[in-house]
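Structural overview
The residues making up each chain are set out below.
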Amino acid sequence: MGFKRFVNVVEVVAGVAALVFVIALFANQPSGGGAANAAKSGPGYDVYVSNCARCHGQEGQGGIGPQLAAQVTTDFPDAKDEVAFVRDGRDGMPSFAGDLSPAEIEDVVAYTRTELNK
């Protein structure tokens, strides 16, 4: 195989790889619509994604912060205690009192107790 043919093959492979990469980027967008994300919308979800997901994971699976999915109502049987925890912070959890309104805190707590607790 000549050098020019080898270069042509490498160019085609690189082009196909770039195309696959771009398609994968668009197919895996977190806010990319679809039926799965249609159920995950609303003020609590938006607050969670913007403020909580980076530590607790997009689905509440945990990460830097502890798991919330299927766990938060065990840790906080009373929603008022969870609201106070989010508002005031403690044990590595920052206070969100200065960043979120009381309504936003209540919305995100409701989201974690219902949607992440399924």
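Please refer to the structure placed before this passage.
The structure contained in this document is the topic of the report that follows. (Residues numbered from 1 in each chain as written. Predicted model: local features only at pLDDT ≥ 70, side-chain atom pairs only at ≥ 80, totals over all residues. Heavy atoms only, no water.)

**Regarding helix H6 (residues 79-88)**
Residues separated by three or four positions in an α-helix point in the same direction, a consequence of the helix having 3.6 residues per turn. For H6, the complete set of buried residues consists of Glu-82, Val-83, Phe-85 and Val-86. Summarising the axial view, the buried residues of H6 lie within an arc of 160 degrees, below the 170-degree limit, and thus occupy one face. The inward-facing, buried residues of H6 abut helix H5 (72-75) and helix H7 (102-114). A side-chain oxygen of the first residue of H6 lies 2.9 Å from the backbone nitrogen of Lys-80; this N-cap is Asp-78. (Buried < 20%, exposed > 50% of the residue type's maximum accessible area, 1.4 Å probe, protein only. Helix = DSSP H or I, 4+ residues; strand = E, 2+ residues; numbered from the N terminus. Arc of directions from axis to C-beta. Contact = heavy atoms within 4.5 Å. Polar contact = N/O pair within 3.5 Å; in protein donor to acceptor, adjacent residues only side chain to side chain.)

**Notes on the layout of surface pockets**
Of the volumes computed, that of the largest pocket is approximately 410 Å³. Along its surface, the largest pocket is lined by 25 residues, and His-56, Pro-66, Leu-68, Phe-85 and Met-93 are the ones closest to its centre. Listing elements by their share of the lining of the largest pocket, those giving two or more residues are helix H4 (53-56), H5, H6 and H7. Broken down by class, the residue content of the lining of the largest pocket amounts to 14 nonpolar, 6 polar and 5 charged. (1 Å grid on protein atoms, 1.4 Å probe; cavity = no way out; pocket = protein on both sides within 12 Å on 5 of 7 lines; lining within 4 Å. Points joined across faces, edges and corners; volume = space filled by probe spheres on them. Nonpolar A, V, L, I, M, F, W, Y, C, P; charged D, E, K, R; others polar.)

**What to know about the packing of aromatic side chains**
Under the defined criterion, the tally for this structure stands at 3 aromatic pairs. Seen from their ring centres, Tyr-48 and Tyr-111 are 5.5 Å apart, and the 45 degrees between their planes marks the pair as tilted. Of the two residues, Tyr-48 sits in helix H3 (residues 43-51) while Tyr-111 sits in helix H7, which places them 63 residues apart along the sequence. Note on Tyr-111: relative accessible area 7%, which makes it buried. Centroid distance Phe-76 to Phe-85: 5.2 Å. Interplanar angle 45 degrees. Geometry classified as tilted. For Phe-76, a relative accessible area of 15% corresponds to the buried category. A relative accessible area of 16% places Phe-85 in the buried class. Pairwise contacts between aromatic rings join Tyr-45, Tyr-48 and Tyr-111 into one cluster. (Phe/Tyr/Trp six-rings, centres within 6.5 Å; stacked < 30°, edge-to-face > 60°.)

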